[in-house]
Amino acid sequence: MRKWTIPSVLFLLCLLFLLPDQGRRIQANAEAESDAPVDPPKVEEKLGAVPHGLSTDSDVVKRESESMSRKTLRADAEKFEFQAEVSRLMDIIINSLYSNKDIFLRELISNASDALDKIRFLSLTDKEVLGEGDNTELEIQIKLDKEKKILSIRDRGIGMTKEDLIKNLGTIAKSGTSAFVEKMQTSGDLNLIGQFGVGFYSVYLVADYVEVISKHNDDKQYVWESKADGAFAISEDVWNEPLGRGTEIRLHLRDEAGEYLDEYKLKDLVKKYSEFINFPINLWASKEVEKEVPVDGDESSDEEETSETSPSEEEGDEDDSEKPEDEKKPKTKKVKETTYEWELLNDVKAIWLRNPKEVTEEEYTKFYHSLAKDFSDEKPFAWSHFNAEGDVEFKAVLFVPPKAPQDLYESYYNSKKSNLKLYVRRVFISDEFDELLPKYLSFLMGLVDSDTLPLNVSREMLQQHSSLKTIKKKLIRKALDMIRKIADEDPDESNDKDKKDVEESSADNEKKGQYTKFWNEFGKSVKLGIIEDATNRNRLAKLLRFETSKSDGKLTSLDQYISRMKAGQKDIFYITGASKEQLEKSPFLERLTKKNYEVIFFTDPVDEYLMQYLMDYEDNKFQNVSKEGLKLGKDSKAKELKESFKELTKWWKGALASDNVDDVKISNRLADTPCVVVTSKYGWSANMERIMQSQTLSDASKQAYMRGKRVLEINPRHPIIKELRDRVIKDPEDESVKQTAQLMYQTALLESGFLLNDPKDFASRIYSSVKSSLNVSPDATVEEEEDIEEPEAETDDKEAAAKDDSDAKDEL
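Nothing here was measured: the structure is a model prediction, and the numbers come from that model.

**Q** Please explain the overall build of the protein chain as it appears in this structure.
**A** Scanning the protein chain for helices and strands turns up 27 helices and 22 strands. In the protein chain, which comprises 812 residues, the proportion classed as buried is 43%. Entry remark: accessible area of the protein chain is about 47100 Å², with carbon and sulfur atoms responsible for 49%.

Below is the structure:
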């Protein structure tokens, strides 16, 4: 044991001496490598023809590709810890605020726009801050590297110092522009407020390694890099091309985010979210062009050999040989070549930022077509461009489209998409805000741009923001004023006494008939608004249009109806039905027409619901002429007639007891018709019953509660009613009289618009009446058809059976 102990001790002592020496050698080598002079980067001229300094030399590309492949932080960089817990931070950003990954590009472009806003603002008082050459061009550049999966966004904004990079990108509690806004508080320019904190971290939705290269006028160029793993690193940038001023963000995309390496995808995102950013957004895009190149010698000799086979071509060659050398054209061919150039993505101007008086009609029309993606030549019906000031400041442009979408009312209550886009400081937020406009105005196109709403919050959080209620209130008022203006400027909408003056003074007939076109497209939306929006019900009622018994096929308004009301008329008369032609022949209009009253025709199914909410207008109540309560002045013989037909009405009510007829009364609305069936004032009309019965999921048992009580009104001046009265007085038990009374009631039901519960019974009564008029005996029966035997059929069956037997024998 002892003889092994001494060698072991000697071996351990040797190791102790050797290890420190080896460690010192490794450390010395590392120090020597770190202190070794680094060659300054050489930028190749016109590398890939990339202007404005987004290119790098080949050595840098090699070093960068090695670093990118590993996606590790640079060893010589200064390391920092995030001030906020990164795991919690990323959970808030990715899971709560940004459910849509596309949002990252919106945030980066918004940040770049804020940085450009800052340097532009400072240049107003100090032009030297912009520098010279390309630095004076305030723009945003986007570039792709599909091989390395890198997406770069660069701006020539104010840039960030090393301290700015630490503070602004180290925590979400510090905003990159908050200090700047505090410094510029006296200017009151709220457009400079940015959110370069929360928004920046949306990059980790698509990238697992991010570099931020930034150069401020007051500091050197630095690189910030992080993998969102709890730490970030900052180092002086001595290998990338000098930016001059500004910031470039490089996103090393994840494998599942490969779609963002597609140029068309990026174009769509910019068009959707950042189309109206104040500064140019350029994409380094590929483009195929045809180019003529000289033909190689081998190819030209092959062509000459081929041409020898054609005599005509030989003659042509001889002619060419006789021409001077300078007249001979070199042989060329066309080839497709892929080139790259900067493509401007946001060429549509944000006209809502301008004074409405300075924007032309052509500019509004062009802007509408761009906003609505409408490629037709039709102009919108109207537009409203306004600025709202006060507690909530915003700018808005609203358009009334020339046509309604085909599914506007089919998916009215199910559709969540809105045609109104919400912007915050010219950055698109969403078009799914139901709180900005009510459903009935969802057909309007337009946008709202607010400077007071928060930018980096989710749609759900923004919907609960108190400012939205104020914005909604102002938008509704402006929208209704815009629609009313269409009617005010339409010569056809003017009163008859002013019509000639308007037509003579109007040199432009483009607006003639515009409101009728609008009503045909969107009239149902106005009616739905009256049902849904109690606050603006009276305003919407002024926009109602309809045909009447005196409008001669043209649309009229409630104001025009009231102006034509008879002296002493207190009610606005209307009737509902399936069509105008049907209503014009309705028995309910007979007395009204004779007395020269005007009656409104409501033929849209939604009108039945509409009139349940529109009870009065300008102190005039609405009266359905097919319901109880119609008053047409006093009748001097009313009491006398009531007493004269008292026995008939009492008898008839008893005869119709099984049909749930509530009463039989003397009518004041009939002239030529013997009787009609009316409903109670607050029950369903005949038209409403028909609509409800046609519903797919209707419940007949529940509908019974809403059916109005039916009242049979008789015309005391009609000869049939007089004769019926006399027969009832003579013999109230006469079956023929009972049959006649029942038949008249069923006929009145049909003529009044109701559906018969038992059509077979009605038909039987009609046939009995026909028999009586033709003197056919009531006991006469239909002749029975005699049964005739068909022997031919039996013969055919026998032949078929015999054939089957023969076929079976053949098979055997």
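Next, the rest of the story.
**Q** Would you mind showing me how to read the side chain of Gln569 here?
**A** Here Gln569 shows up in the loop between helix H16 (558-563) and strand S16 (571-576). The class for Gln569 is buried, based on a relative accessible area of 11%. Leaving out residues up to four positions away in the same chain, Gln569 has contacts with Tyr561 and Tyr597.

**Q** Can you walk me through a nonpolar patch on the surface in this structure?
**A** On the surface, Ile766, Tyr767, Val770, Leu774 and Val776 cluster together to form a nonpolar patch covering roughly 460 Å² of accessible area. By secondary structure assignment, the location of Tyr767 is in helix H26 (residues 759-773).

**Q** What is the right way to read the pattern of salt bridges from this model?
**A** Close approach of charged atoms allows side chains with opposite charge to pair. All told, the structure shown has 32 salt bridges when counted by the stated rule. The closest approach of N and O atoms between Arg545 and Glu493, which form a salt bridge, is 2.8 Å. Of this pair, Arg545 sits in the loop between helix H15 (537-541) and strand S15 (547-548) while Glu493 sits in the loop between helix H12 (467-488) and helix H13 (496-505), and the two are 52 residues apart along the sequence. On the accessibility criterion, Arg545 (6% relative accessible area) is buried. For Arg725, the salt bridge is made with Asp726, and the minimal N-O distance between the two is 3.6 Å.

**Q** So what exactly am I meant to see when it comes to the packing of aromatic side chains here?
**A** Two aromatic rings are characterised by how far apart their centres lie and by the angle between their planes. Evaluated as defined, the whole model comprises 22 aromatic pairs. Their ring planes at 55° and their centres at 6.3 Å tell us that Phe443 and Phe518 sit as a pair that is tilted. Linking Phe443 in the loop between strand S13 (427-430) and strand S14 (445-450) with Phe518 in helix H14 (residues 514-532), this pair joins segments that are 75 residues apart in sequence. When its relative accessible area of 0% is taken as the criterion, Phe518 is described as buried. Aromatic side chains Phe546 and Phe602 sit 5.9 Å apart centroid to centroid with 75° between the ring planes, which places their arrangement in the edge-to-face category. In this pair, Phe546 sits in the loop between H15 and S15 while Phe602 sits in strand S17 (residues 600-602), placing the two residues 56 residues apart along the sequence. The class of Phe546 is buried, set by a relative accessible area of 3%. Look at Phe602 and you get buried, because its relative accessible area is 3%. Three or more aromatic residues joined by ring pairs make a cluster, and in this case those are Phe276, Trp352, Phe367, Tyr368, Phe399 and Tyr423. Of note, Lys524 hangs over the ring of Tyr409, and the distance from its end group to the ring centre comes to 5.4 Å. Directly above the aromatic system of Phe645 lies the positively charged group of Arg725, at a separation of 4.4 Å from the ring centroid.

**Q** Can you help me understand the nonpolar core in this one?
**A** Generally speaking, nonpolar side chains in soluble globular proteins are found buried as a group. Judged by nonpolar contacts, the single largest core of 76 residues is most densely connected at Phe394, Val400, Leu441, Phe443, Leu475, Phe518 and Phe573. With 10 residues, the single largest contributor to this core is H12. Ignoring sequence-local partners within four residues, the contact set of Val400 consists of Pro380, Phe381, Ala382, Phe443, Leu444, Met482, Ile486, Phe518 and Phe522. Formed by 68 residues, the second largest nonpolar core is a distinct cluster that contains Ala115, Leu130, Leu151 and Ala257.

**Q** Whenever I open this one, the environment of Lys439 confuses me. Can you help?
**A** Mapped onto the elements, Lys439 comes out in the loop between S13 and S14. A relative accessible area of 26% means that Lys439 is categorised as partly exposed. When the C-alpha positions of Lys439 and Tyr412 are compared, they lie 7.6 Å apart, and in sequence the two are 27 residues distant.

**Q** Please explain the pairing of strand S7 (residues 246-253) as it appears in this structure.
**A** On a regular strand, each side chain points to the face opposite its neighbour's, so the side chains alternate between the two faces of the sheet. The element S7 is largely enclosed, with a buried count of eight among its eight residues. What you see with S7 is no split at all: Gly246, Glu248, Arg250 and His252 on one side and Thr247, Ile249, Leu251 and Leu253 on the other are buried throughout. Judged from the eight bridges that link them, strand S4 (residues 207-215) and S7 form a sheet pairing that is antiparallel. Across the sheet, the residue bridging to Ser214 is Thr247, located in S7.

**Q** Is there a simple way to explain the sheet that holds strand S19 (residues 620-624) in this structure?
**A** Strand pairing within a sheet occurs via backbone hydrogen bonds; the two strands may be parallel or antiparallel. Ordered by their spatial adjacency, five strands build an open sheet running S15-S17-S16-S19-S18, and the pairing between neighbours is mixed. The open sheet has two free edges, formed respectively by S15 and strand S18 (616-617), since each of these has just one partner strand. With two bridges joining them, S18 and S19 adopt antiparallel strand pairing. Within S19, the position partnered with Tyr617 by the bridge is Asn620.

**Q** Hey, could you run me through the sheet that holds strand S22 (residues 710-714) in this one?
**A** With mixed pairing, three strands are arranged side by side in an open sheet as S20-S22-S21. With partners counted over all chains shown, the strands left at the sheet margins are strand S20 (661-666) and strand S21 (675-679), one partner each. Strand after strand, the sheet turns through a mean of 25° between neighbouring axes, direction not considered. Of the pairings in the sheet, the one linking S21 to S22 comprises five bridges and is antiparallel in character. Paired with Val678 across the strands is Val711, a residue of S22. The sheet strands contacting helix H25 (residues 735-751) are S20, S21 and S22, and the helix crosses S21 at an angle near 60°.

**Q** Hey, could you run me through the packing of helix H19 (residues 606-613) against helix H22 (residues 686-693) in this one?
**A** Helix-helix packing: each pair is described by the crossing angle between the helix axes and the interaxial distance. Look at H19 against H22: their axes get within 9 Å of each other, and the N-to-C directions meet at 125°. Regarding the angle of H19 to H22, the classification is oblique. Judged by the sense of rotation from one axis to the other, the crossing of H19 with H22 is left-handed. Residues Glu608, Tyr609 and Gln612 of H19 pack against Asn687, Met688, Ile691 and Met692 of H22. Looking at the contact of H19 with H22 residue by residue, the class counts come to four nonpolar, two polar and one charged.

**Q** Even after reading the chapter, I still don't get the packing of helix H24 (residues 719-730) against H25, so can you show me in this structure?
**A** Between H24 and H25, whose axes approach to 11 Å, the crossing angle comes to 145°. Seen from above, H24 lies across H25 with left-handed handedness. Across from Ile720, Ile721, Leu724, Arg727 and Val728 in H24, the residues of H25 making contact are Val737, Thr740 and Met744.

**Q** So what exactly am I meant to see when it comes to the pairing of strand S11 (residues 394-400) here?
**A** With six of seven residues buried, S11 is to be regarded as a mostly interior element. As paired strands, strand S10 (residues 382-388) and S11 are joined by seven bridges and run antiparallel to one another. Across the sheet, the residue bridging to Ser384 is Leu398, located in S11. From the end of S10 to the start of S11, which pair antiparallel, there are five residues, and Gly390 there has a positive phi angle of about 130°. Across six bridges, S11 lies against S14 in antiparallel orientation. Paired with Leu398 across the bridge in S14 is Gly446.

Thresholds applied
- Residues numbered from 1 in each chain as written.
- Predicted model: local features only at pLDDT ≥ 70, side-chain atom pairs only at ≥ 80, totals over all residues.
- Heavy atoms only, no water.
- Helix = DSSP H or I, 4+ residues; strand = E, 2+ residues; numbered from the N terminus.
- Buried < 20%, exposed > 50% of the residue type's maximum accessible area, 1.4 Å probe, protein only.
- Areas by Shrake-Rupley, 256 points an atom, 1.4 Å probe, with all protein chains shown as cover.
- Contact = heavy atoms within 4.5 Å.
- Patch = residues over 30% accessible without salt bridge, like charges linked within 9 Å, V, L, I, M, F, W, Y side chains within 5 Å.
- Salt bridge = Lys/Arg side-chain N within 4 Å of Asp/Glu carboxyl O.
- Phe/Tyr/Trp six-rings, centres within 6.5 Å; stacked < 30°, edge-to-face > 60°.
- Lys NZ or Arg CZ within 6 Å of the ring centre and 35° of its normal.
- Core = buried A, V, L, I, M, F, W, Y, C linked by side-chain atoms within 4.5 Å.
- Pairing = 2+ DSSP bridges.
- Axes fitted to C-alpha atoms, helices over the stretch in contact; angles between N-to-C directions.
- Parallel < 35°, antiparallel > 145°, perpendicular 65-115°, else oblique.
- Left-handed = near helix turned anticlockwise from the far one by under 90°.
- Nonpolar A, V, L, I, M, F, W, Y, C, P; charged D, E, K, R; others polar.

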